[in-house]
Amino acid sequence: MAYGLKLYYEWTSFTGIHNRVEIRDKDKADDTGAVQCIALDNCLEIEYPKKKLCYEPIRSCGATLFFEYKGAEGFLNDFFTPDLQRFKVIHYQESNVNFLGYLNTEMYSENFETNTENGVEVSLTANNGLSILDRMNYIQSDGEFYYGVDNFKTLLQRIIEATGLEYKSLYIKNLSDITIDGVVKSNFLEELHINNSNWIDEDFETASMRDVLENMLLGTGLQLFTIEDDIYILPINLQATASSTNSFYHYTLPSMTKQTNVSIDLSTLEIDDIGFYKGGQSVSYQTAINSQEIEFDPYSIDDDVINGEIGEDDLFITNTGSESFGSGDYAWTKEYYSEHSNFSTNPNQTTYPAKFVKAFKTNEPTKNKNYIDIKSYAMTPLGSYNWAVESKPVPIYVINGSKLLINIEMYLECKDDWENPDDTSGTNLNFGFYEYGCEIYIRSGNYAYNKNTKKFDTYFDSSLNLGYPGTSNRECLIQAHDATATDYTPYNGFDETFTTHNIIEFDYDSGIDVDNNIVVGITPRRNGYLDFVDYARIYDIKVSIYDDVATKYGVDLSELVSSSNEILDNRFKNKGKKIELNCGTILKEPDFKVNNPNQRGAFLWSDDGVNFTPIEKFVKDGLSSESEYFVLQQVIKNYETPSTILKGHFNNFNILKPITYNNYLPNVIMIPTGGVYDYYNDTFSCTLQEIKTM
């Protein structure tokens, strides 16, 4: 996307550094006609808002531009626009990018009382692209949700791309490592995964891009800086070590291509070497906390994953006619529909296709009963297994150990004796051997679930054939027969409504690239003795995540959270700000009496993007524990004792580097928690706060 140059201004700083600020317009094709303005005395300031260490992981910044404009009236009015990404701001120092961002286009100011020979004084503010993420939903460009499971790398790439800015490189160092079965895994960024449904609430509202970024950083104990045209992600603990050799993962942007790891020098800068710009320094202390609580909500799936709602009137589409039966008070009407919002019928079944039905007493049309009608005898030739109806695809990601509970409410309507051509006894329901079979299949894309292997490994394209391959790998939904049959548990629920309960367990390591859109289908089954069943009516189909351990202990998954509260001194009540995590280590029994691998907020590990294992432990310095423990300890170590705070006006320095002032504050390592860079005087007025190692 072209961003043509709209205006620019230049200056040389007090220390002799050449500076240039450009404002580029997305609606301008090229750089012709760009207006040169005059820098005011304060030229440009870049501000890092004050942040509370450990609690606010995004170290964002903004800029204020000061210049004089002389030219056509109305030229500056363009800066007021609802398009948050229309005007790009770039600050160069000696031709190197020092700041990337966008104008805050919903506000600007002109001082009409200070017209000079150079024009009118103008002040504009800009952001570095991260603040506008607050106003961007975590959805795809076409408005669709992100589904499935993605690694940390993909989420970061997605969010960085959303800023639309030309960041050059990403450098990242993790706080703790992943361990699977006691083995430390090497690639944190690419092997740490999370389910995208974690960012969609119960009302199908998505989190903002910034919410996703903050939660991923907070849950892993990391913080993010933008410095010049690079992005750095690292734990505060790393800065406290003040080491000169720190190996960072290095990725080039926007392609997110992994490069050779690089060593970044985080050794301390001494204030005596930096120098004060002017007086006014002060020392104070951050009060210690006496307790700190951290809470992780795993956002357990306890509702219907596939809610195959059948009965709502507005789900029935395209009326194809009706039939009437009986008379008087016993007159019934059936309306038939060819389409349904949640289900599809087999298009190859043309003689007796499954139908979507609204049935009601003719004199009470508003009291209808809605269902899917499967004419079993005529639809299913002897010995075949043709599918009749299936749900439309619903995104869900199953992982190792997932269990689905499938409930189908149905009704088997028997024929009258005279309707049954296979009944030789004249009394069909007393005939010595009969059964009705109805089976379900579950597919993802063109691969069906195999109950024997517990995987999606059976090829099945429902659009290409009638039959469903194989007989032993499908899941039996119901076998209804009389007491003389011995191969199935008897079920004699004919001419009454009943609900089936099937639990499906997944061993998801097949390596087949399924598309993770789950479909549930129904296959009627018959043999020579079941022909008394006229219709199977399907009233409702629901598929839910099932947690057998939680069910056993009566645990409400919607209320499941992990909470840790470390008390440092019972004599006092100075609590730290509660940290609420939306992603973390999976909760398992016996402590939480659950064994639910579909906790949407649980971190997952995968080295191939296909097979996923919930992460139970992370490791740091030989200690193995949950990720929340390390996040908690990082806070505790920084706030269990009072922390030194130094405010002052310094000559310019790199915000990433830890600072010491050994002549006056021995054994204290500090980092900036907020401040303002002045790019005319090349100074940094900031607050430094002491940081401590874990």
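We now turn to the structure provided with this report. (Residues numbered from 1 in each chain as written. Predicted model: local features only at pLDDT ≥ 70, side-chain atom pairs only at ≥ 80, totals over all residues. Heavy atoms only, no water.)

**So, the overall build of the chain**
Consideration 1: If you tally the helices and strands in the chain, you get 8 helices and 48 strands.
Consideration 2: Taken across its 694 residues, the chain has 54% of its residues classed as buried.
Consideration 3: Here the contacts in the chain between residues at least 6 apart in sequence split such that 74% fall between residues at least 24 apart.
Consideration 4: When the accessible area of the chain is evaluated, it comes to approximately 30100 Å², of which 46% is carbon and sulfur surface. (Helix = DSSP H or I, 4+ residues; strand = E, 2+ residues; numbered from the N terminus. Buried < 20%, exposed > 50% of the residue type's maximum accessible area, 1.4 Å probe, protein only. Contact = heavy atoms within 4.5 Å. Areas by Shrake-Rupley, 256 points an atom, 1.4 Å probe, with all protein chains shown as cover.)

**Observations regarding helix H8 (residues 627-639)**
Consideration 1: Here H8 spans 19 Å end to end across 13 residues, near enough to the 18 Å set by a 1.5 Å rise per residue.
Consideration 2: Buried residues of H8: Ser 627, Glu 628, Phe 630, Val 631, Leu 632, Gln 633, Gln 634, Val 635, Ile 636, Asn 638 and Tyr 639, and no others. (Expected span 1.5 Å × (residues − 1).)

**Examining the sheet that holds strand E41 (residues 604-605)**
Consideration 1: Sheet architecture is open: 4 strands sit in the order E11-E15-E41-E42, paired in antiparallel fashion. Each edge of the sheet is formed by a strand with only one pairing partner; in this case those strands are strand E11 (149-151) and strand E42 (613-614).
Consideration 2: Helix H1 (residues 152-163) rests against E11 and strand E15 (192-195) of the sheet, and its axis sits at about 85° to E11. (Pairing = 2+ DSSP bridges. Axes fitted to C-alpha atoms, helices over the stretch in contact; angles between N-to-C directions.)

**Points about the side chain of Gln 634**
Consideration 1: Within the secondary structure, Gln 634 is located in helix H8.
Consideration 2: Here Gln 634 falls in the buried class, since its relative accessible area comes to 4%.
Consideration 3: Side-chain polar atoms of Gln 634 contact the backbone oxygen of Gly 221, separated by 3.2 Å.
Consideration 4: A polar atom in the side chain of Gln 634 sits 3.3 Å from the backbone nitrogen of Asn 237. (Polar contact = N/O pair within 3.5 Å; in protein donor to acceptor, adjacent residues only side chain to side chain.)

**As for a negative patch on the surface**
Consideration 1: A surface patch of like charges, here negative, comprises Asp 201, Glu 202, Asp 203 and Glu 205.
Consideration 2: Relative to the elements of secondary structure, Glu 205 occurs in the loop between E15 and helix H3 (209-219). (Patch = residues over 30% accessible without salt bridge, like charges linked within 9 Å, V, L, I, M, F, W, Y side chains within 5 Å. Salt bridge = Lys/Arg side-chain N within 4 Å of Asp/Glu carboxyl O. Lys, Arg positive; Asp, Glu negative; His and termini not counted. Charge placed at Lys NZ, Arg CZ, Asp CG, Glu CD.)

**Observations regarding the sheet that holds strand E43 (residues 617-620)**
Consideration 1: Pairing is antiparallel in the open sheet, where 4 strands are placed in the order E14-E13-E43-E44. For this open sheet the edge positions go to strand E14 (183-184) and strand E44 (623-625), each flanked by a neighbour on one side alone.
Consideration 2: Both E43 and E44 contribute to a ladder of 3 bridges, which runs antiparallel. Within the sheet, the bridge partner assigned to Lys 620 lies in E44 and is Leu 623.
Consideration 3: Strands E43 and E44 of the sheet are contacted by H8, whose axis makes an angle of about 115° with E44.

**Observations concerning the pairing of strand E10 (residues 119-127)**
Consideration 1: Across 8 bridges, the pairing between strand E6 (residues 62-69) and E10 is antiparallel. Residue Ala 63 lies in a different strand from E10, and its bridge partner there is Ala 126.
Consideration 2: Across 2 bridges, strand E8 (residues 96-103) lies against E10 in antiparallel orientation. By the bridge assignment for E10, Tyr 102 is matched with Asn 127.

**Here we look at the packing of H1 against H3**
Consideration 1: Running from amino to carboxyl end, H1 crosses H3 at an angle of 145°, the nearest separation of the two axes being 10 Å. In the crossing of H1 with H3, the sense of the turn from one axis to the other is left-handed. Judged by residue contacts, Phe 152, Leu 155, Leu 156, Ile 159 and Ala 162 of H1 engage Met 209, Val 212, Leu 213, Met 216 and Leu 217 from H3.
Consideration 2: For the contact of H1 with H3, the residue count by class is 10 nonpolar, no polar and no charged. (Left-handed = near helix turned anticlockwise from the far one by under 90°. Nonpolar A, V, L, I, M, F, W, Y, C, P; charged D, E, K, R; others polar.)

**Details of the packing of aromatic side chains**
Consideration 1: With the rule as written, the count across this model stands at 18 aromatic pairs.
Consideration 2: When the ring of Tyr 9 is compared with that of Trp 11, the centres are 5.6 Å apart and the planes differ by 25°; the resulting orientation is stacked.
Consideration 3: Note that Lys 52 overlies the ring of Tyr 55, its terminal NZ or CZ placed 4.9 Å from the centroid.
Consideration 4: Sitting above the plane of the Tyr 336 ring, Lys 355 keeps its charged end 4.3 Å from the centroid. (Phe/Tyr/Trp six-rings, centres within 6.5 Å; stacked < 30°, edge-to-face > 60°. Lys NZ or Arg CZ within 6 Å of the ring centre and 35° of its normal.)

**Description of the nonpolar core**
Consideration 1: Core analysis: the largest hydrophobic core is formed by 53 residues, its most contacted members being Tyr 9, Ile 23, Leu 44, Ile 46, Leu 65, Phe 67 and Leu 688.
Consideration 2: Those residues in contact with Ile 23, other than ones at most four positions away along the chain, are Gly 4, Leu 5, Lys 6, Leu 7, Leu 65, Phe 79, Phe 87, Lys 88, Val 89, Leu 103 and Leu 124.
Consideration 3: Formed by 51 residues, the second largest nonpolar core is a distinct cluster that contains Ile 132, Leu 170, Tyr 251 and Met 256. (Core = buried A, V, L, I, M, F, W, Y, C linked by side-chain atoms within 4.5 Å.)

**Regarding the environment of Ile 180**
Consideration 1: As for its placement among the helices and strands, Ile 180 is situated in strand E13 (residues 177-180).
Consideration 2: For Ile 180, a relative accessible area of 10% gives the class buried.
Consideration 3: Between the C-alpha atoms of Ile 180 and Ser 606, which are 426 residues apart in sequence, the distance is 9.9 Å.
Consideration 4: Setting aside anything within four residues of it in sequence, one finds Ile 180 in contact with Lys 185, Trp 605 and Ile 615.

**What about the side chain of Ser 60?**
Consideration 1: Relative to the assigned elements, Ser 60 resides in the loop between strand E5 (58-59) and E6.
Consideration 2: Within the structure, the side chain of Ser 60 is placed 2.8 Å from the side chain of Asn 128, a separation counted as a polar contact.
Consideration 3: Contact partners of Ser 60, with chain neighbours within four places excluded, come to Glu 47, Tyr 48, Pro 49, Asn 128, Leu 130 and Ser 131.

**What to know about the pattern of salt bridges**
Consideration 1: Scanning the entire structure with this criterion turns up 20 salt bridges.
Consideration 2: Arg 20 is the partner of Glu 10 in a salt bridge, and the nearest nitrogen-oxygen pair spans 2.8 Å. Pair noted here: Glu 10 is in strand E1 (residues 4-12) and Arg 20 is in strand E2 (residues 18-25), with a separation of 10 residues, a long-range link.
Consideration 3: Under the relative-accessibility criterion, Glu 10 is labelled partly exposed at 32%.
Consideration 4: Residue Lys 620 is joined to Asp 621 by a salt bridge in which the shortest nitrogen-to-oxygen separation is 3.6 Å.
Consideration 5: With relative accessibility at 14%, the residue Lys 620 sits in the buried group.
Consideration 6: For Asp 621, a relative accessible area of 70% gives the class exposed.
Consideration 7: One connected set of salt bridges, linked through shared partners, spans Glu 10, Arg 20, Glu 22, Arg 24 and Asp 31.

**Overview of the pairing of E2**
Consideration 1: The buried fraction of E2 is high, at 7 of 8 residues.
Consideration 2: Pairing between E1 and E2: 8 bridges, direction antiparallel. Of the residues in E2, the one forming a bridge with Tyr 8 is Glu 22.
Consideration 3: Count of turn residues in the E1/E2 antiparallel hairpin: 5 residues, of which Gly 16 carries a positive phi of about 90°.
Consideration 4: As judged from the 7 bridges shared by E2 and strand E7 (residues 87-93), these two strands associate in the antiparallel manner. The residue of E7 that forms the bridge with Arg 24 is Lys 88.

**Here we look at the environment of Glu 161**
Consideration 1: Residue position: Glu 161 is located in helix H1.
Consideration 2: Residue Glu 161 is classed as partly exposed on the basis of its relative accessible area of 46%.
Consideration 3: Between the C-alpha atom of Glu 161 and that of Ser 255, which follows or precedes it by 94 residues, the distance is 9.5 Å.

**Looking at the environment of Lys 358**
Consideration 1: In this fold, Lys 358 is placed in strand E27 (residues 355-361).
Consideration 2: Separated by 46 residues in the primary sequence, Lys 358 and Glu 312 have C-alpha atoms spaced 9.9 Å apart.
Consideration 3: Within the local environment of Lys 358, its side chain forms a polar contact with the backbone oxygen of Asp 313, the two atoms lying 3.4 Å apart.

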